[in-house]
There are 2 protein chains.
Amino acid sequence: MSNFDVKQEVTDKYSLRGRVFHKLRDDILNGKYQEHEELKEMTIGEEMGVSRTPVREAFRQLELEGLIQIIPNKGAYVTGITEKDVKDIYMIRSLLEGLCARWATEHITKEQMEEMEENVYLAKFHAQKGHLEQLAELDNRFHDIMYEACDSKMLEHQLKDFHQYVLRVRKKTLSSINRGPKSNEEHEKIMEAIKAGNADLAEQLAHEHMINAYENMVKCGLHEVYARQDAVQETIDPKVKK
Amino acid sequence: MSNFDVKQEVTDKYSLRGRVFHKLRDDILNGKYQEHEELKEMTIGEEMGVSRTPVREAFRQLELEGLIQIIPNKGAYVTGITEKDVKDIYMIRSLLEGLCARWATEHITKEQMEEMEENVYLAKFHAQKGHLEQLAELDNRFHDIMYEACDSKMLEHQLKDFHQYVLRVRKKTLSSINRGPKSNEEHEKIMEAIKAGNADLAEQLAHEHMINAYENMVKCGLHEVYARQDAVQETIDPKVKK
DNA sequence: CTTCTGAGGATTGTATACAATGATACGAGA
DNA sequence: TCTCGTATCATTGTATACAATCCTCAGAAG
């Protein structure tokens, strides 16, 4: 096993810096802070009852995670994601998810396979019942299982990173439309391909799964979601650019 | 143009933190610090004449860049890269470089095209003369040009990240073997495909280019390079694992 | 009325002091 | 001799103090 935890997750949830990091990340992903909103070290620190030091360190990490942008001697701003960024991410992910499915086919363990089957089964149940919340949760988990099963720390980390990026956008579309059930059907096919040991098919299906997810997102209002934000961006950009 | 500088480069070269970050990164990539060597905040700070604060912040960033691993309350260690990590990186890169070549074909500017042609031409010259140092430099630059030409901040950053990872390994192999000239021939073909607007071919060639680079590396002693380090790793791992 | 300028305040950048944690070594007891 | 506990020290984690920078806005000059 590799001991090379590339871009290791910030697992240190119990240090102040770790707590600040995780809380800020969640807040940004959940939309508590608007895009392009300025984050002040002191304000955040006071809110969480800590000094500026751990906040600053968390900021540096969030910057590399791509969630905020720090302009020297000026401030930290929540990053905006443009329509094109989302498209690029999905194109990149479609390739990597394919590779991941291939490797997962080759390396998945018995336990992981079982969890995957359970996941698909459960999701089918919630789809029938119309439980969108649980469906979204299971959808995320399905991908995580596959990332872990591919047995590559490098790839796993890349994909988890991307997955996180699009969560901000996905939250607004997946649960609102009936992509959920369709998505799970595709999961089932991917799972079957993996179970059958058909790496080529698994790769192909996972690849298409991402393309479909993206196209559905476009069809169901990605543009609307971003229409307002792009306008805001236009006005703010010049100032931010220093 | 996107204003979303994902995982933005640490461009702040003039703050102390920025300088520490860049110097440490260079030192690690250049092998000044051994893999698994412990980096002490105070020692580094004294060497560079700064306090621990900017050093700590640089550490947090280097951790997310994957160059060091920080164990809470214990220390920062230069990460090791296993043989499998290198292989995974090249497999991932082969896909992304292909995508990059495709997008570059669609978006490359006149200036970028000219620089690319110049690059190949110059490299051909240095290859004849046996200037391995310049050849390696031009090789890096060729890829950078393509990353920029693909006109995707997301993809560009991903690839630059990976490129950097393997630099540590590549330094030991590319310049030592006669891969240089062969590599440049492949660059030329990729360039021609891009110039001809043949995206499919460019993608294919760039993909193969990576595979070839990896296979050459394996053939030319990747295993030997890592034989020693893997041994060291075995002994250090348990301690590091906390 | 517009434009330049500079003083003041707000915010980030860095250094230092203190707290908490982990590693080590030594000695007592079995 | 071996093991366990404890004292001590080295190192990291956090808070605070101070320095540097940037932004704002009032006021003077044109």
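Everything below is about the structure shown above.
Residues numbered from 1 in each chain as written. Chains lettered and ligands numbered in written order. Predicted model: local features only at pLDDT ≥ 70, side-chain atom pairs only at ≥ 80, totals over all residues. Heavy atoms only, no water.

Student: How would you explain the protein's contact with DNA strand D if you had to name every residue and give the values?
Tutor: In the region of DNA strand D, 20 residues are neighbours, and A:L16, A:S51, A:T53, B:K40 and B:R56 sit closest. The sugar-phosphate backbone supplies 69% of the atoms of DNA strand D found within 4 Å of the protein. Backbone polar atom of B:E41 to a phosphate oxygen of DNA strand D: 3.5 Å apart, as the coordinates give it. One of the side-chain nitrogen or oxygen atoms of B:R60 is found 3.1 Å away from a phosphate oxygen of DNA strand D. (Near = heavy atom within 4 Å. Polar contact = N/O pair within 3.5 Å; in protein donor to acceptor, adjacent residues only side chain to side chain.)

Student: Kindly report on the protein's contact with DNA strand C, identifying the contributing residues and their values.
Tutor: Near DNA strand C, the surroundings consist of 20 residues, among which A:K40, A:R56, B:L16, B:S51 and B:T53 are the closest. Sugar plus phosphate: this is where 69% of the atoms of DNA strand C within 4 Å of the protein reside. In the model, a phosphate oxygen of DNA strand C is placed 2.5 Å from a nitrogen or oxygen of the A:R56 side chain. Within the side chain of B:S51, an N or O atom sits 2.8 Å from a phosphate oxygen of DNA strand C. Of the residues assigned to the surface near DNA strand C, the class counts are five nonpolar, six polar and nine charged. (Nonpolar A, V, L, I, M, F, W, Y, C, P; charged D, E, K, R; others polar.)

Student: Kindly report on the sheet that holds strand β1 (residues 38–39) of chain B, identifying the contributing residues and their values.
Tutor: All names here are of chain B. What the three strands build is an open sheet, ordered β1-β3-β2; its pairing is antiparallel. With one partner strand each, in any of the chains shown, β1 and β2 (68–71) form the two edges of the open sheet. As defined by bridge partners, β1 adjoins strand β3 (residues 75–78) across two bridges and the pair is classed as antiparallel. Counted as the bridge partner of E38 is Y77 from β3. (Pairing = 2+ DSSP bridges. Helix = DSSP H or I, 4+ residues; strand = E, 2+ residues; numbered from the N terminus.)

Student: So what's going on with the packing of helix α6 (residues 132–149) of chain A against helix α8 (residues 179–195) of chain A? Which residues, and what values?
Tutor: Residues and elements named next belong to chain A. Running from N to C, α6 and α8 cross one another at 25°; their axes reach a closest spacing of 11 Å. Our classification of the angle between α6 and α8 gives roughly parallel. Pair α6 / α8 crosses with left-handed handedness. Only G180, P181, S183, H187, I190 and I194 of α8 make contact with α6, whose side of the interface consists of L135, D139, F142, H143 and M146. Along the lines of polarity and charge, the residues of the contact of α6 with α8 split into six nonpolar, four polar and one charged. (Axes fitted to C-alpha atoms, helices over the stretch in contact; angles between N-to-C directions. Parallel < 35°, antiparallel > 145°, perpendicular 65-115°, else oblique. Left-handed = near helix turned anticlockwise from the far one by under 90°. Contact = heavy atoms within 4.5 Å.)

Student: Would you mind going over the environment of B:H126 in detail, with residue names and values included?
Tutor: Mapping B:H126 onto the fold places it in helix α5 (residues 110–129). The residues touching B:H126, leaving out its near neighbours within four places in the chain, are B:H131, B:Q134, B:L135 and B:L138.

Student: Residues and numbers for the sheet that holds strand β1 (residues 38–39) of chain A, please.
Tutor: All names here are of chain A. Taken together, the three strands give an open sheet; going across it, the order is β1-β3-β2, and neighbouring strands pair in antiparallel fashion. Two strands close off the open sheet at either side, each with one partner strand: β1 and β2 (68–71). Sheet strands touched by helix α3 (residues 52–65): β1, β2 and β3 (75–78). Its angle to β2, the strand with the most contacts, is close to 115°.

Student: I'd like a rundown of helix α2 (residues 41–48) of chain A, residues and numbers included.
Tutor: All names here are of chain A. Among the residues of α2, those classed as buried are E41, I44 and G45. Along the axis of α2, the buried residues cluster in a sector spanning 100°; they form a single face. Across from the buried face of α2, at angles greater than 90 degrees, the exposed residues are M42, E46 and E47. Where α2 is buried, its residues meet α1 (16–29), β1 and α3. One or two positions beyond α2, positive phi appears at G49, with a value near 70°. (Buried < 20%, exposed > 50% of the residue type's maximum accessible area, 1.4 Å probe, protein only. Arc of directions from axis to C-beta.)

Student: Requested: an account of the pattern of salt bridges, with residues and values cited.
Tutor: Scanning the model with the defined rule gives 40 salt bridges over all chains in all. A salt bridge links A:R56 to B:E57; its shortest N-O distance comes to 2.8 Å. Placement of the pair is A:R56 in helix α3 and B:E57 in helix α3 (residues 52–65), with the two residues belonging to separate chains. With a relative accessible area of 23%, A:R56 lands in the partly exposed category. Here B:E57 falls in the buried class, since its relative accessible area comes to 4%. With its nearest N and O atoms 2.8 Å apart, the salt bridge here joins B:R56 to B:E41. Of this pair, B:R56 sits in helix α3 while B:E41 sits in helix α2 (residues 41–48), placing them 15 residues apart in sequence. The network of salt bridges with shared partners includes A:R17, A:E57, B:E41, B:R52, B:R56 and B:R60. (Salt bridge = Lys/Arg side-chain N within 4 Å of Asp/Glu carboxyl O.)

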